[in-house]
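# Structural features, examined
If you want the building blocks of each chain, they are given just below.
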Amino acid sequence: MVEKLNAVKGMNDIAPPVSAHWEWLEERLRVLMRRYGYRNLRTPIVEPTALFVRGLGEVTDIVEKEMYSFEDRLNGEQLTLRPENTAGVVRAAVEHSMLYDGGKRLYYMGPMFRHERPQRGRYRQFHQFGAEALGFAGPDVDAELIVMACDLWAELGLEGIELEINSLGQPEERQAHRKALIAYLEAHADQLDDDARRRLHSNPLRILDTKNPSMQAMVNGAPRLMDHLGMESLDHFNRLRALLDAQGIGYRINPRLVRGMDYYNLSVFEFVTTQLGSQGTVCAGGRYDGLFEQVGGKAAPAVGWALGMERILELLKEQGRLTEPWVVDVYAVVPTLAALPVAMKLLRQLRHLGVNATMHAGGVDGVGSMKSQFKKADSSGARFALVFGEQELGLGMVAVKALRVVQEGEQSQRLFPLDQAHEWAQSLRGA
Ligand code: ATP
Ligand code: MG
């Protein structure tokens, strides 16, 4: 026998019925984006490696150890499966001069790739949905994005998602803080782990983000970036806070929130839950005013967030918010080969009228016993079986049999005239 091939570790197939939950979430997200005036941008899954090295920063987890990078065998180009999509969005905005006539509100969704240790809520191929507002400098758009995410949680019926915010200020302010921070960390060198020691001079801010429990106390006492912010940065932060307050949106200021990518400045934020174990961040983002220049474009302010779709679906499941997956309305039982063309024709008509219909099919030299057809009809999840029996067809009728619980006063079987589908199709349609 030929050896069985499996999916790559940490990369999952999403099959029915679970895929119906994905479609449901995707549709909710699209509807929300239309309400807020965000439009869809689709960029390639493969980008030049340099985009992420320059955009995300060389001393980041992603660029140091998580990227799927390879050389194109045919032309030697250095390519990477996108680990995130903000850099790609900005690359596309620059490439197509999207900001020539003002700011743009954009969204994307799709697979991202990071070589991490697979575990609950952490995969090597995972899916993000992201919203980006390009070309807007004021804190009002930061607030808009945060409000939009809060509306999404409400729309999905999710509870217990908490907002944390912080300000990273501007590069010069971070520079001043960095000096103070390095001095502090050097004074506590004996408590640094290997990762931290390596980052001490390259990216000390990221040490504050450590997940190592034995470093928490030391890190808690470190100089705070917030204390190094100038008037303008503080003003941006306070105006964001005031707008959130005015919308009744609660948040916690977390001075240690620094985010994984170098491109952030001013506002950063995360939405976290305690209900998903250690992978509790469901959505994260912030302002990245420097990124346009970093990828070779004209300077432009920008802000956005990305949510992890697997984590949102997991949380929906945890909170019992996943409704019955999509099922077909009717299943056509076709007792004879002679009935097949009639059944096909009527089903097409019903579908044009908005009914979701599956036809029994697949017999090579017959149609299969009624018993097996009804079994299939039952397991299809359909609420009705359409039975194209010889006798009924002779009368110009088709029998409709309820397969699920029959409401009081409702008949379990009725006859409908074949030539008047437009009159009764509606009664077969699900919600
Ligand atoms: P984490 O701290 O959990 O590694 P991150 O800071 O690397 O997250 P971002 O790059 O900001 O995450 O991505 C935004 C969101 O995408 C995260 O909040 C999370 O919901 C989701 N996400 C990130 N990495 C993964 C992954 N490997 N598997 C599943 N979801 C992920
Ligand atoms: Mg990560």
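Here we summarise the structure given alongside this text. Along each chain, residues carry numbers from 1 onward, in the same order as the chain's sequence is written. Both sets of labels track the order of writing: A upward for chains, 1 upward for ligands. Since the coordinates come from a predicted model, pLDDT governs what is reported: local features require at least 70, and pairs of side-chain atoms require 80 or more to be given and counted, while whole-chain, interface and lining totals use all residues. Here the side-chain values reflect all heavy atoms present in the structure, with hydrogen atoms and water set aside.

## What about the nonpolar core?
Rules: Throughout this description, the term nonpolar core refers to a set of buried Ala, Val, Leu, Ile, Met, Phe, Trp, Tyr and Cys residues connected via side-chain atoms within 4.5 Å. Using a 1.4 Å probe on the protein chains alone, a residue whose accessible area is under 20% of its type maximum counts as buried, one over 50% counts as exposed, and one in between counts as partly exposed. Helix numbers and strand numbers start at the N terminus; a helix is a DSSP run of H or I with at least 4 residues, a strand a run of E with at least 2. Two residues form a contact once any of their heavy atoms are found within 4.5 Å.
Counting residues in each nonpolar core, the largest one holds 90 residues, and the members touching the most others are Tyr-38, Trp-153, Phe-271, Val-282, Trp-305, Leu-307 and Ile-312. With 10 residues, helix H5 (residues 139–156) is the single largest residue contributor to this core. Residues in contact with Phe-271, not counting those within four places in the same chain, are Ile-146, Ala-149, Cys-150, Trp-153, Ile-161, Glu-162, Leu-163, Gly-280, Thr-281, Val-282 and Cys-283. Within the second largest apolar cluster, 23 residues are counted, among which are Leu-346, Ala-357, Ala-402 and Phe-416.

## Observations concerning the site of ligand 1
Applied cut-off: We call a residue near a molecule or strand when any one of its heavy atoms sits within 4 Å of it. Under the rule applied, a polar contact is a pair of N or O atoms within 3.5 Å (in protein, one hydrogen donor and one hydrogen acceptor; residues adjacent in sequence only if both atoms are side-chain atoms). Computed by Shrake-Rupley with a 1.4 Å probe, the accessible areas treat only the displayed protein chains as cover when residues are assessed.
Around ligand 1, the structure places 17 residues, and the nearest of them are Arg-114, Glu-116, Arg-122, Gln-128 and Arg-259. Within the contact set of ligand 1, an oxygen atom lies 2.9 Å away from a side-chain nitrogen or oxygen of Gln-128. Relative to its free-state accessible area of 590 Å², ligand 1 is covered by the protein chains to the extent of 90%. Only strand E6 (125–134), strand E10 (281–287) and strand E11 (302–308) provide two or more residues apiece to the shell around ligand 1.

## Here's the deal with the sheet that holds strand E16 (residues 413–417)
The test is simple: Criterion used throughout: strands pair if DSSP finds at least two bridges between them. Note on geometry: axes are lines fitted to C-alpha atoms, helical ones only across the stretch in contact, with angles between N-to-C directions running from 0 to 180 degrees.
Pairing in this open sheet of five strands is mixed, and the strands run E13-E12-E14-E15-E16 from one edge to the other. Of all the strands in the sheet, the pair left with one neighbour each is strand E13 (357–359) and E16. Neighbour-to-neighbour, the strand axes of the sheet open up by a mean angle of 25 degrees, direction not taken into account. Strand direction decides the pairing type here: strand E12 (residues 330–333) and strand E14 (residues 384–387), joined by four bridges, are parallel. Considered in E14, the bridge of Ala-332 is made with Leu-386. Lying over the sheet, helix H12 (residues 340–352) contacts E12, E13, E14 and strand E15 (397–402), oriented at roughly 165 degrees with respect to E13. Running over the sheet, helix H13 (residues 370–379) touches E12, E14 and E15 and is turned about 170 degrees from E12.

## A short note on the sheet that holds strand E2 (residues 46–48)
What the three strands build is an open sheet, ordered E2-E4-E3; its pairing is antiparallel. Looking at which strands have only one partner, the edges of the open sheet turn out to be E2 and strand E3 (68–71). Looking at each pair of strands side by side, their axes are set apart by 35 degrees on average, direction ignored. Summarising the sheet, E3 and strand E4 (residues 78–81) pair through four bridges and their orientation is antiparallel. If you follow Ser-69 over to E4, its bridge partner there is Thr-80. Of the strands in this sheet, E2, E3 and E4 touch helix H2 (residues 49–56), which is tilted by about 70 degrees from E2.

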